[in-house]
Amino acid sequence: MFCYQCSQTAFGNGCTIQGTCGKKPTVAKLQDNLIFAIKGISAYNNLVNKMGHEDKEINNFLTNGLYTTLTNVNFDVENLISLAIEAGKINLKVMDLLKKANIENFGEPTPSEVEVGAKKGPGILVTGHDLQALEELLKQTEDKGINIYTHSEMLPAHGYPELRKYKHLVGQLGGPWFDQKKIFSNYNVAILGTTNCVLLPKDSYKNRMFTSGVTKLPDVQQIENFDFTPIINKALELGDLEEEKDKKTITTGFGLSTILSLADKIKELVEAGKIKRFFLVGGCDSPIPQASYYREFVKNLPSDTIVLTLACGKYRFNDLDLGDIEGIPRLIDIGQCNDSIVAIELATALCDLFEMELNDLPLTIVLSWMEQKAAAILWSLLYLDKKDMLIGPILPAWANEDITKYLVDTFNLTPIGDPKEDIKRILS
Ligand code: FSO
Ligand code: SF4
């Protein structure tokens with residue numbers, strides 16, 4: 001544990017063995033975990049609020065949850081677990097609100113093939129999750145001859161009809177959040193960071209980078225009130241990109257209605273033994289070597305399995321051509337990390353379709369986590385009592401021995417191992 005939030009802190013530096021106040025390491029870790037989940041929920045709630053929606057239950061949970069972590073308020077090991085589970089429930093609610101607000105504003109996503117690479121002309125590259133910022137930028141750049149590209153978690157924007165209708169939303173540059181220093185340096189375009197995973201910019205591009213909303217970077221111009229004039233001027237001043245040859249495409253934008261329209265066919269294929277199992281492989285991508293597991297895992301899955309994916313973890317394998325099973329694509333990109341709610345709705349629909357409980361479905365969830373939104377999503381799945389999930393690329397440091405034991409004993413949450421061995425075990 002490490003806590004230095006009050007003046008009783010050990011030796012004036014920090015309580016590390018146990019709190020002077022009596023706080024035990026497991027309580028401290030659970031408090032940290034609760035704060036992480038609250039941060040994740042707040043990231044989504046911020047987008048929901050910006051789109052004009054507010055929910056009292058979510059707001060109350062955020063306030064009460066934070067208050068719980070104040071000095072000398074809550075020393076109960078059990079209650080903090082319940083609060084983490086409740087955080088999972090609240091996170092489901094906020095993701096659902098965000099999904100509804102997105103659909104209300106931009107229509108329900110439908111599959112879209114997205115070209116990866118530069119087109120001739122000046123460009124603006126948009127990264128992050130804020131679809132509203134992207135829409136405003138698209139409006140303000142209409143008929144200006146500027147190409148708008150997505151990066152990382154903005155890729156699913158191409159699936160939304162009300163965003164895709166802008167013909168100058170031309171494609172995608174790069175992949176997951178951590179390739180940004182390379183991609184932003186390579187392409188001489190203006191760049192907009194709308195939410196998290198922005199990295200401290202390199203000198204080579206910081207004068208053409210801009211941020212909006214809560215996202216801020218030192219020496220980088222902030223866009224106020226969605227007035228994108230500075231970034232538009234910068235894009236025009238930078239001039240044209242050259243057309244890249246042999247561009248590949250990736251497909252995104254499988255909304256719930258699209259997948260459910262295939263329900264009868266999916267049922268027929270499952271009953272005929274032509275689809276043996278569904279895998280949800282998603283979450284955050286991360287640059288550490290262990291993250292190569294996810295590509296190997298997907299690559300080695302047998303051809304009678306379907307892979308659902310979401311968030312930036314998809315970049316580990318979304319260039320693979322997995323083909324289809326009698327017209328049902330084997331790789332289905334549902335969207336951003338907040339679209340985990342769509343995956344959950346889909347799982348519920350499969351439960352109805354096959355008249356099964358969630359844990360009896362032929363569905364395995366393989367999570368990759370990097371930061372606090374993913375922690376909140378993990379607790380959402382635990383709130384739903386989803387068992388036998390795999391988690392990686394490393395175990396969360398906020399789970400000490402006690403917490404890990406609880407997660408393993410209660411949910412059989414398992415760390416990722418060897419991809420081929422894991423597949424063999426799951427399918428046996
Ligand atoms: Fe991942 Fe982080 Fe959604 Fe990113 S959680 S890394 S661009 O923020 O967000 O999946
Ligand atoms: Fe130490 Fe408790 Fe104060 Fe934290 S709240 S610094 S554990 S005495």
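Up top is the structure.
Residues numbered from 1 in each chain as written. Chains lettered and ligands numbered in written order. Predicted model: local features only at pLDDT ≥ 70, side-chain atom pairs only at ≥ 80, totals over all residues. Heavy atoms only, no water.

One way to put it is that helix α3 (residues 77-106) packs onto helix α4 (residues 131-141) with a least axis distance of 11 Å and a crossing angle of 15 degrees. By the angle between their directions, the pair α3 and α4 is classed as roughly parallel. Relative to α4, the crossing made by α3 is left-handed. On the side of α3, the interface is formed by Asn 102, Asn 105 and Phe 106, while α4 contributes Leu 131, Gln 132 and Glu 135. Looking at the contact of α3 with α4 residue by residue, the classes come out as two nonpolar, three polar and one charged. (Axes fitted to C-alpha atoms, helices over the stretch in contact; angles between N-to-C directions. Helix = DSSP H or I, 4+ residues; strand = E, 2+ residues; numbered from the N terminus. Parallel < 35°, antiparallel > 145°, perpendicular 65-115°, else oblique. Left-handed = near helix turned anticlockwise from the far one by under 90°. Contact = heavy atoms within 4.5 Å. Nonpolar A, V, L, I, M, F, W, Y, C, P; charged D, E, K, R; others polar.)

With that settled, the discussion passes to the site of ligand 2. What surrounds ligand 2 is a group of 13 residues, the closest being Cys 3, Cys 6, Cys 15, Gly 19 and Cys 21. At a threshold of 2 Å from the grid points, most atoms of ligand 2 map onto the second largest cavity. Grouping the amino acids of the shell around ligand 2 by side-chain chemistry returns six nonpolar, six polar and one charged. (Near = heavy atom within 4 Å. 1 Å grid on protein atoms, 1.4 Å probe; cavity = no way out; pocket = protein on both sides within 12 Å on 5 of 7 lines; lining within 4 Å. Sits in = over half its atoms within 2 Å of the grid points.)

Taken together, 13 residues are adjacent to ligand 1, and His 129, Glu 153, Asn 196, Cys 197 and Cys 337 come closest. At a separation of 2.7 Å, an oxygen atom of ligand 1 approaches a polar side-chain atom of Asn 196. In this structure, Glu 371 approaches ligand 1 through a side-chain N or O atom, which is 3.2 Å from an oxygen atom. Class assignment for the residues of the shell around ligand 1 results in six nonpolar, four polar and three charged. (Polar contact = N/O pair within 3.5 Å; in protein donor to acceptor, adjacent residues only side chain to side chain.)

Purely geometric stuff here, so don't read any function into it on its own.
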